[in-house]
Amino acid sequence: MRDVRRTTVAAVLSLLAAIALAGCGNAGSGDKPGATGKEAAGCRTLDPSLTWYGDVRQKLQAAIDAHSSCTGTVTGSPAPVAIFDWDNTVVKNDIGYGTNYWMLRNDKVLQPANQDWKTTDRYMTDAAATALRTACGTDVPAGAPLRTSTNTACADEIVAILDDKTRAGQPAFAGYDARRLIGSYSWGTALSAGYTADQLAEFARAAKQENLSAAEGATQTVGSQQVDGYIRVYPQIKDLIGTLQAHGVDTWVVSASPEAIVQVWAGEVGVDAQHVVGVRSVYENGRQTPHLRGCGGVPDGDDSVMTYIDGKRCWANQAIFGVQGPAAFQQLPNERRQILAAGDSVTDVTFVGDATAVHLVINRGKPELMCRAYDNADGKWLVNPMFIAPNKPRADPYPCSTTAFTRSDGSSAPLLRDDGSPVPAS
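Predicted model, so just to flag it, every value in this text is computed and none were measured.

A. Highlighting the overall build of the protein chain. Each helix and strand in the protein chain was counted, giving 13 helices and 14 strands. Relative to a compact globule of 426 residues, whose C-alpha radius of gyration would be 22 Å, the protein chain shows 24 Å and is just as compact. Considered along the principal axes of its C-alpha atoms, the protein chain spans approximately 95 × 50 × 45 Å. Looking at the protein chain as a whole, 52% of its 426 residues qualify as buried. Within the protein chain, contacts between residues at least 6 apart in sequence are counted, and of these 60% link residues at least 24 apart. In the structure as shown, the protein chain presents an accessible area of about 18500 Å², 50% of it carried by carbon and sulfur atoms. Of note, the protein chain has its 38 positive side-chain charges centred 4 Å away from the centre of its 45 negative side-chain charges.

B. Summary view of the sheet that holds strand β6 (residues 250-258). Read across the open sheet, the six strands follow the order β7-β6-β1-β10-β11-β12; overall the sheet is parallel. Of all strands in the sheet, those with a lone pairing partner are β7 (276-279) and β12 (381-385), marking the two edges. Strand-to-strand twist across the sheet, computed as the mean angle between neighbouring axes with direction ignored, equals 15°. Pairing of strand β11 (residues 358-363) with β12 involves five bridges; the strand directions are parallel. Paired with isoleucine 362 across the bridge in β12 is asparagine 384. Contacting β10 (340-343), β11 and β12, helix α3 (residues 56-65) crosses the sheet at an angle of about 140° to β12.

C. Geometry of the pairing of β6. Counting buried positions along β6 gives eight out of nine residues, so the element sits mostly inside the fold. Looking at chain direction, strand β1 (residues 81-84) and β6 are connected through four bridges and run parallel. Residue pairing for β6: phenylalanine 84 is matched across the bridge by valine 253. In this region the chain leaves β6, passes through helix α10 (residues 259-266) and returns to the parallel neighbour β7; the handedness of that crossover is right-handed.

D. Looking closely at unusual backbone geometry. A cis amide bond links serine 77 with the next residue in sequence, proline 78, at an omega value of 0°. Take proline 78: it is sitting in the loop between α3 and β1.

E. Quick look at the state of the cysteines. By the definition in use, this model includes four disulfides. Each sulfur of the disulfide joining cysteine 136 and cysteine 154 lies 2.0 Å from the other. Here the S-S torsion is close to 85°, and the disulfide linking cysteine 136 with cysteine 154 is therefore right-handed. Pair noted here: cysteine 136 is in helix α5 (residues 126-136) and cysteine 154 is in helix α6 (residues 152-162), with a separation of 18 residues, a long-range link. What makes cysteine 154 buried here is its relative accessible area of 1%. Covalent S-S linkage joins cysteine 295 and cysteine 314, the inter-sulfur distance amounting to 2.2 Å. An S-S torsion of about -110° defines the bridge between cysteine 295 and cysteine 314 as left-handed.

F. Structural detail: the nonpolar core. Membership of the largest hydrophobic core comes to 124 residues, with the highest contact counts inside it found for Phe84, Trp86, Trp117, Ile158, Trp187 and Ile237. Aside from chain neighbours lying at most four places away, what touches isoleucine 158 is Leu104, Trp117, Leu132, Cys136, Thr148, Trp187 and Leu191.

G. Expanded view of helix α9 (residues 235-246). Look at α9: 16 Å from first C-alpha to last across 12 residues, which is about the 16 Å you get at 1.5 Å a residue. Those residues of α9 not exposed but buried are Gln236, Ile237, Asp239, Leu240, Ile241, Gly242, Thr243, Leu244 and Ala246. For α9, the secondary structure elements touched by its buried residues are α3, β1, β6 and β11. Count one or two residues on from α9 and you reach glycine 248, which has phi positive near 85°.

H. Representation of the packing of aromatic side chains. According to the stated counting rule, one finds 11 aromatic pairs in the structure shown. Residues tryptophan 52 and phenylalanine 387 carry aromatic rings whose centres are separated by 5.2 Å and whose planes lie at 90° to one another, so their mutual orientation is edge-to-face. Residue tryptophan 52 is found in the loop between α2 (37-40) and α3, and its partner phenylalanine 387 is found in the loop between β12 and β13 (405-406); the two are separated by 335 residues along the sequence. Classification of tryptophan 52 by relative accessible area gives buried; the value is 8%. Given a relative accessible area of 18%, phenylalanine 387 falls into the buried group. Ring pairs connect the aromatic residues Tyr97, Tyr101, Tyr185 and Tyr308, which therefore count as one cluster. Of note, arginine 180 hangs over the ring of phenylalanine 329, and the distance from its end group to the ring centre comes to 3.6 Å.

I. Examining the packing of α6 against helix α7 (residues 183-190) more closely. Running from N to C, α6 and α7 point in directions that differ by 135°, and their axes come no closer than 8 Å. Our classification of the angle between α6 and α7 gives oblique. Two secondary-structure elements touch here, α6 through Ile158, Ile161 and Leu162 and α7 through Ser184, Trp187 and Gly188. Among the residues making up the contact of α6 with α7, the classes are represented as four nonpolar, two polar and no charged.

J. How the structure looks around the packing of helix α8 (residues 197-213) against α10. Here α8 crosses α10 at 50°, and the two axes come no closer than 8 Å. The angle between α8 and α10 falls in the class oblique. Remark: the crossing between α8 and α10 carries right-handed chirality. From α8, Ala197, Leu200, Ala201, Ala204, Arg205, Lys208 and Leu212 reach across to α10, where they touch Ala260, Ile261, Val264 and Trp265. Residues that form the contact of α8 with α10 fall into these classes: nine nonpolar, no polar and two charged.

Conventions adopted
- Residues numbered from 1 in each chain as written.
- Predicted model: local features only at pLDDT ≥ 70, side-chain atom pairs only at ≥ 80, totals over all residues.
- Heavy atoms only, no water.
- Helix = DSSP H or I, 4+ residues; strand = E, 2+ residues; numbered from the N terminus.
- Rg over C-alpha atoms; globule rule 2.2 N^0.38 Å.
- Buried < 20%, exposed > 50% of the residue type's maximum accessible area, 1.4 Å probe, protein only.
- Contact = heavy atoms within 4.5 Å.
- Areas by Shrake-Rupley, 256 points an atom, 1.4 Å probe, with all protein chains shown as cover.
- Lys, Arg positive; Asp, Glu negative; His and termini not counted.
- Charge placed at Lys NZ, Arg CZ, Asp CG, Glu CD.
- Pairing = 2+ DSSP bridges.
- Axes fitted to C-alpha atoms, helices over the stretch in contact; angles between N-to-C directions.
- Right-handed = clockwise from strand over helix to strand, strands pointing away.
- Disulfide = S-S within 2.5 Å.
- Core = buried A, V, L, I, M, F, W, Y, C linked by side-chain atoms within 4.5 Å.
- Expected span 1.5 Å × (residues − 1).
- Phe/Tyr/Trp six-rings, centres within 6.5 Å; stacked < 30°, edge-to-face > 60°.
- Lys NZ or Arg CZ within 6 Å of the ring centre and 35° of its normal.
- Parallel < 35°, antiparallel > 145°, perpendicular 65-115°, else oblique.
- Nonpolar A, V, L, I, M, F, W, Y, C, P; charged D, E, K, R; others polar.
- Left-handed = near helix turned anticlockwise from the far one by under 90°.

Okay, here's the thing in structure tokens:
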């Protein structure tokens, strides 16, 4: 009788262990023989075979464990939130520009309305519009594809303006709030005006296949220019996203690339299309226009805010946390903000700074973000070099106390702490 009872108890314990394992999601890379504690309970951990800088992986894991439905540190709802930038944070290189390059090589950019390039972006300068009209010509009717695969001058001018200046070096955009928008990024979105979201997704899928298939470090020729010709998903970030999800963290992507393009890519790291916020365009009769959806009380078509610096916070607060009106531009109370945010550039500095547990920075040498990271005012900033082709160590300090901050008018200023003191050079 004692033997039967012992066998029954063992069976019950085994069943309870199986239920606990299932309840904690995919054990993934955290499973290994002889594991104890959280791992024995089935909680996934970051893959130790994937290289992070210094103790970044250990600190990320500690933050995950402290905000986990699997370890039991978080119960009930709402779930904690993590937010990732996409380009050069989740992947190496830029999927928005990668799609622009594919469109140029395949004659998909359309002649603008009235053959007037200023209709493509309200902030385009006269110099840029004239340069494009001269290079691309007027023989192609409005709404028809430009022959950018063979018209080298036209392709070259577009590539130059995607980098914010004409081939002659003149500013291509002016007059916007530089804390809410950048002209070259919004215009990169406008280059797909005239297409449906499904058509743009087709272009993105074709560009994705090419860029993932190309050799690491490859370039491609657009016009006469050599530009990036490959994209890679960072395995470390993919593993981080999967581990966050396995711990019950609601994981989002907020990107300055067009939303329809990011949605095509997001599945590569297990993020569904409903958890993607990109540049959102106004559509008419099912086709994209050059105009932008509004945020924070800014109306659609005003074209003054996108997922860029403070605009990125606005879109995160509005789309993820449901904040409406001008309050979306403000930092939310601590308990309503993301626990983790990750980025690589100035466009990310505000929403990454809003995170309450971890500000993860992929170091591309962008001063405003790196000054915040190295100042580490709250002790929660983590810096990791790019996982592919990292930058060489910087010879000079970042100009934090002089020119690292970008004002709304685009001018430079000292970067200040919350108490008004300048962030020292680092």
